[in-house]
Amino acid sequence: MKSLNFVGLCLLLGMLVLEALIAEGFNYGDALDKTLMFFEAQRSGRNSQTWTRWDTLCGLLDGGTDYFMKAHTRPNVLWAQVGDGDSDHYCWERAEDMTTPRTAYKLDQNHPGADLAGETAAALAASAIAFKPYNSSYSNLLLLHAKQLFTFADRHRGLYDDSIQNAKKFYTSSGYSDELLWAAAWLYRATDDEYFLKYVVDNAVYMGGTGWGVKEFSWDNKYAGVQILLSQILLEGRAGAYTSTLKQYQAKANYFACACLQKNDGYNIHKTPGGLMYVREWNNLQYASAAAFLLAVYSDSLSAANAKLTCPEGQIPPQELLDFARSQADYFLGKNPKSMSYLVGYGPQYPIHVHHRGSSIASIFSLRSTVQCVQGFEAWYRRPEGNPNVIYGALVGGPDQNDNFSDDRSNYEQTEPTLSGCAPLVGLFSKLQSVSGAAGNYHEKAPVPHPATPPSYHETRKRQEPSKSQEAPSGIPSLNNQDMDSWTNNILQAQGDNQKQRNTYELPQWQKVLQPGSECSFVYVQGGPQAKVTVQSYN
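Residues numbered from 1 in each chain as written. Predicted model: local features only at pLDDT ≥ 70, side-chain atom pairs only at ≥ 80, totals over all residues. Heavy atoms only, no water.

Engineer: How should I be thinking about the overall build of the protein in this particular structure?
Structural biologist: From N to C terminus, the protein includes 17 helices and 17 strands. Within the structure as shown, the protein displays about 25100 Å² of accessible surface, and the carbon and sulfur contribution to it stands at 51%. (Helix = DSSP H or I, 4+ residues; strand = E, 2+ residues; numbered from the N terminus. Areas by Shrake-Rupley, 256 points an atom, 1.4 Å probe, with all protein chains shown as cover.)

In structure tokens, the structure reads:
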């Protein structure tokens, strides 16, 4: 669960470029592309498909639904943690060089963890909704695991960090009631089974769902998410006999949204002078990104129901919620007092001393020798140069309550990226991209630092390229409309020489129409030989 400062002309040019970006609006599609690249860099195992050429073997979790299902080996068993935080933090080394124990810890009837099991059930149920239109059998499998995990969590209650003691000092859990409500709410959305709706109603008071008014949404606190998710059911007119209780949930959802908009009768979130939502010192941007995403979702739900947000200071149109979400996204991307993008690789100025082991140590392709556990601190962690590998799309911890930021690798509270911080950006940037209309592009190059290898290590004289089996062949085909009429509903087909099956793809929602004389370039990545891409159909 759980800086190089530009000087002289470089600083001036960077500021001019950033001012131009702000003036014409940010490219949320490009920001989304880069965010997805960050998740590629965290993948575990031998990656046949990856954008990050410097990352070959990651050491921890996949983070995907396949991993969660494999970790759920029996109805009442969930493998919850791999590795030990103390020994892992003792070393600064690449995933390829890791020598610390990979001890696995599980939850079961005698070692409960309703918070973690409930959170996993919620993730699988939400994923089942996403996969259902495309792969119903896989969606059903996700739901099977989600239901079993929810039952396990509900019947065997307890905190996961009481069962896994060495997790407590790193990711302490504040409770499990919010995760049980969170799981039940998502299971109702995924199944329409009234049992789960009745569960959140019957436990609304006891588990705090209608009692807690919160001002954060995070990996540890799901109440705001539960409250908005259940408000959607009410706004859709599906509450039925449970309307009264769901209105109480909505009142708390409104408390959170009004607090973000500074319209909650003084009980508001704290904001920095530059306009950033500020919750706490350590990795604050994860809270801002989660809140922005959640308000973008709530804005859509209110708009669809032709409803307004009810705050102590009046009725607020849904657009104001989206405006808040956009303000936070723009702050992340550079509209802030430091004129710095906190999304690595986006814009002319971004952190280059990111607190990330794989990013801060030279790739195994260029530095074949092993980087020892403690030697990594001496040779790489403490070096003043920027990271040799740009970890595109990483959202760092971000500035303090006064908008101050120090791009220092040892300043982990501000320069460390997290999965919990980056995950909400996918939905946030997707929404902003859909209303902005600009296309994203993986190939908008950002400035890339090229620090030298420290003297204590020597690169091989002849660069050793990875074998073709390690490469992920890619292509940049173009769809070019030379007709007199527009093309809509374009269906593309990709077939690799090493594959029997054919794969079809649609262009993204914001690129449904290709005007006469226009061209759309896209990128694909696959294992094996280069694929043949053709247009299967269009209207």
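Now that the structure has been shown, we can carry on.
Engineer: Honestly, the nonpolar core in this entry has me stumped. Any pointers?
Structural biologist: For soluble globular proteins, nonpolar side chains are generally found buried alongside one another. By size, the foremost hydrophobic cluster in this structure holds 112 residues, and its most contacted members are Phe150, Leu246, Phe256, Leu309 and Phe429. Among the elements that take part in this core, helix H12 (residues 285–304) stands out by supplying ten residues, more than any other. Not counting chain neighbours up to four residues away, the residues in contact with Phe150 comprise Ala121, Leu180, Ala183, Ala184, Leu187, Tyr195, Phe196 and Tyr199. Ranked by size, the runner-up nonpolar core spans nine residues in total, among them Ala362, Phe377, Ala379 and Tyr381. (Core = buried A, V, L, I, M, F, W, Y, C linked by side-chain atoms within 4.5 Å. Buried < 20%, exposed > 50% of the residue type's maximum accessible area, 1.4 Å probe, protein only. Contact = heavy atoms within 4.5 Å.)

Engineer: Got a minute to help me understand the packing of aromatic side chains in this structure?
Structural biologist: Any two aromatic rings considered together are summarised by their centre-to-centre distance and by the angle between their planes. Summed over the entire model, instances satisfying the criterion amount to 17 aromatic pairs. Ring geometry for Trp92 and Phe377: centres 6.0 Å apart, planes at 45°, overall tilted. Of the two residues, Trp92 sits in the loop between helix H4 (85–90) and strand S4 (104–107) while Phe377 sits in helix H15 (residues 375–381), which places them 285 residues apart along the sequence. Taken as a pair, Trp92 and Phe377 share a single burial class, namely buried. (Phe/Tyr/Trp six-rings, centres within 6.5 Å; stacked < 30°, edge-to-face > 60°.)

Engineer: Would you mind going over helix H6 (residues 136–155) with me for this structure?
Structural biologist: For an α-helix, the turn length of 3.6 residues means that residues three or four places apart are oriented alike. Given a rise of 1.5 Å per residue, 20 residues ought to cover 28 Å, and the 29 Å separating the end C-alpha atoms of H6 matches this to within 8%. What H6 keeps buried is the set Tyr138, Ser139, Leu142, Leu143, His145, Ala146, Leu149, Phe150, Phe152, Ala153 and Asp154. (Expected span 1.5 Å × (residues − 1).)

Engineer: Even after reading the chapter, I still don't get the pattern of salt bridges, so can you show me in this structure?
Structural biologist: Two side chains bearing opposite charge may form a pair once their charged atoms approach each other closely. Summed over all chains, the structure comprises 16 salt bridges. Asp88 is the salt-bridge partner of Arg102, the closest N and O atoms lying 2.5 Å from each other. Placement of Arg102 in the loop between H4 and S4 and of Asp88 in helix H4 is noted, with a sequence separation of 14 residues between them. Under the relative-accessibility criterion, Asp88 is labelled buried at 17%. (Salt bridge = Lys/Arg side-chain N within 4 Å of Asp/Glu carboxyl O.)

Engineer: Explain the side chain of Ser139 here, please?
Structural biologist: By the element assignment, Ser139 lies in helix H6. The buried category is assigned to Ser139, whose relative accessible area is 2%. Here the side chain of Ser139 touches Ala128 through a polar contact of 2.7 Å, landing on its backbone oxygen. Sequence-distant contacts of Ser139, that is, excluding residues within four places in its chain, are made with Ala128, Phe131 and Lys132. (Polar contact = N/O pair within 3.5 Å; in protein donor to acceptor, adjacent residues only side chain to side chain.)

Engineer: Is there a simple way to think about the packing of H12 against helix H17 (residues 419–436) in this case?
Structural biologist: Between two packed helices, the angle of one axis relative to the other and the distance separating the axes together describe the packing. Across the interface, H12 lies against H17 with an axial gap of 8 Å and an inter-helix angle of 35°. Here H12 runs over H17; the crossing is left-handed. On H17, the residues that touch Gln286, Ser289, Ala290, Ala292, Phe293, Ala296 and Asp300 of H12 are Ser420, Gly421, Pro424, Leu425, Gly427, Leu428 and Lys431. The residue makeup of the contact of H12 with H17, split by class, is seven nonpolar, five polar and two charged. (Axes fitted to C-alpha atoms, helices over the stretch in contact; angles between N-to-C directions. Left-handed = near helix turned anticlockwise from the far one by under 90°. Nonpolar A, V, L, I, M, F, W, Y, C, P; charged D, E, K, R; others polar.)

Engineer: Would you take a moment to explain helix H8 (residues 177–191) for this structure?
Structural biologist: Over its 15 residues, H8 runs 21 Å from end to end, which matches the ideal 21 Å to within 8%, given 1.5 Å per residue. Where burial is concerned, most of H8 is hidden: twelve out of the 15 residues are buried. Considered for burial, the residues of H8 that qualify are Ser177, Asp178, Glu179, Leu180, Leu181, Trp182, Ala183, Ala184, Ala185, Leu187, Tyr188 and Ala190. Packed against the buried residues of H8 are helix H5 (114–131), H6, helix H9 (194–202), helix H10 (223–235) and helix H11 (243–260). Downstream of H8 by a residue or two, Asp192 has a phi angle that is positive, lying close to 60°.

Engineer: Help me out: how do you make sense of the state of the cysteines in this one?
Structural biologist: By the definition in use, this model includes two disulfides. Note that Cys91 is cross-linked by a disulfide to Cys373, the S-S spacing being 1.9 Å. In this structure, the disulfide formed by Cys91 and Cys373 twists by about -90° around the S-S bond and is classed as left-handed. A residue pair is termed long-range when its members are at least 10 positions apart, and Cys91 in the loop between H4 and S4 and Cys373 in the loop between helix H14 (357–360) and H15 qualify at 282 residues. Of the two residues, Cys91 and Cys373, neither departs from the other in class, the shared state being buried. (Disulfide = S-S within 2.5 Å.)

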